[in-house]
Amino acid sequence: QVQLVESGGGLVQPGGSLRLSCVASGSIFRIYVMGWYRQAPGKQRELVATIASGGITNVVDSVKGRFTISRDNAKNTVYLEMRSLKPEDTAVYYCNADIVTMPHTTSTRYWGQGTQVTVSS
C-alpha cells in the first residue's frame with residue numbers, strides 16, 4: 001500500500017508564494033517520475049511539472065520561471081515552489097509518482113488527495 005500526502009496549500013495574495021510538499025510512504029522499492037498536476041473549477045486536470053529520479057525537470061510554459069519542482073529522494077518527497085502567483089493559478093494541486101512496490105518489478109502511478117491553492121486579494 002502506497003500513500004501520497006500533499007501539504008502546503010492555502011490562500012495567498014496575488015504576487016505571493018507558496019511551497020507545496022508531497023510525501024510518498026509505504027512499501028516503496030523505487031520511485032521514478034514524480035509530478036504535480038492541477039485542476040481549476042470547471043476545467044480538466046492539467047500537468048504543471050515533472051521531475052525524474054535523476055533530477056531532470058519539465059515545467060509547462062504557463063508557469064515556467066515562476067514555479068520550480070524539486071525532490072528529495074532520501075525522503076521520498078517532491079516539492080513545488082510557486083512564486084509570483086496569479087489568480088489563474090487557483091486550483092486543487094495534485095502530486096503523483098510512478099512507484100515500484102515490493103515485490104513487483106513494474107511501476108504503478110499513484111496520486112495524492114490534492115491540496116487547494118487559492119490566489120486572491
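Scroll up to find the structure this text is about.
An account of the accompanying structure is given in this report. (Residues numbered from 1 in each chain as written. Predicted model: local features only at pLDDT ≥ 70, side-chain atom pairs only at ≥ 80, totals over all residues. Heavy atoms only, no water.)

Under the definition given, this model contains six salt bridges. The shortest N-O distance in the salt bridge between Glu 46 and Arg 38 comes to 2.7 Å. Between Arg 109 and Asp 98 there is a salt bridge, with the nearest N and O atoms lying 2.7 Å from each other. Pair noted here: Arg 109 is in strand 10 (residues 108–111) and Asp 98 is in strand 9 (residues 91–101), with a separation of 11 residues, a long-range link. According to the relative accessible area criterion, Arg 109 is partly exposed, its value standing at 43%. The network of salt bridges with shared partners includes Arg 38, Glu 46, Arg 66 and Asp 89. (Salt bridge = Lys/Arg side-chain N within 4 Å of Asp/Glu carboxyl O. Helix = DSSP H or I, 4+ residues; strand = E, 2+ residues; numbered from the N terminus. Buried < 20%, exposed > 50% of the residue type's maximum accessible area, 1.4 Å probe, protein only.)

Another aspect to go through is the sheet that holds strand 1 (residues 2–7). Read across the open sheet, the four strands follow the order 1-3-8-7; overall the sheet is antiparallel. For this open sheet the edge positions go to strand 1 and strand 7 (67–72), each flanked by a neighbour on one side alone. The mean inter-strand angle of the sheet, taken between neighbouring strand axes irrespective of direction, is 15°. Where strand 3 (residues 18–26) meets strand 8 (residues 77–82), six bridges bridge the pair, whose relative direction is antiparallel. By the bridge assignment, Leu 18 is partnered in strand 8 with Met 82. (Pairing = 2+ DSSP bridges. Axes fitted to C-alpha atoms, helices over the stretch in contact; angles between N-to-C directions.)

By secondary structure assignment, the location of Ser 53 is in the loop between strand 5 (46–51) and strand 6 (57–59). C-alpha of Ser 53 to C-alpha of Gly 8: the two residues are 45 residues apart in sequence and 22 Å apart in space. Not counting the four nearest positions on each side in its chain, Ser 53 is found in contact with Ile 31, Tyr 32, Arg 71 and Asn 73. (Contact = heavy atoms within 4.5 Å.)

On to the side chain of Arg 38, then. Following the sequence through the fold, Arg 38 ends up in strand 4 (residues 28–39). For Arg 38, a relative accessible area of 6% gives the class buried. Among the polar contacts listed, one links the side chain of Arg 38 to the side chain of Asp 89, at a separation of 3.0 Å. Among the polar contacts made by the side chain of Arg 38, one reaches the side chain of Tyr 93 at a distance of 2.9 Å. Residue contacts for Arg 38: discarding those within four places in its chain leaves Gln 44, Arg 45, Glu 46, Val 48, Ser 62, Val 63, Phe 67, Glu 88, Asp 89, Ala 91, Val 92 and Tyr 93. (Polar contact = N/O pair within 3.5 Å; in protein donor to acceptor, adjacent residues only side chain to side chain.)

Right, let's get into the packing of aromatic side chains. Here the structure, examined in full by the defined rule, presents one aromatic pair. On the numbers, 5.0 Å between centres and 65° between planes, the contact of Tyr 37 with Trp 111 is edge-to-face. With Tyr 37 in strand 4 and Trp 111 in strand 10, the pair connects residues that are 74 residues apart, well separated along the chain. Given the relative accessible area of 17%, Tyr 37 is considered buried. The aromatic ring of Tyr 94 is capped on one face by Arg 45, whose charged end is 3.7 Å from the ring centroid. Here the guanidinium or amino end of Arg 45 rests over the ring plane of Trp 111, the centre of that ring lying 4.8 Å away. (Phe/Tyr/Trp six-rings, centres within 6.5 Å; stacked < 30°, edge-to-face > 60°. Lys NZ or Arg CZ within 6 Å of the ring centre and 35° of its normal.)

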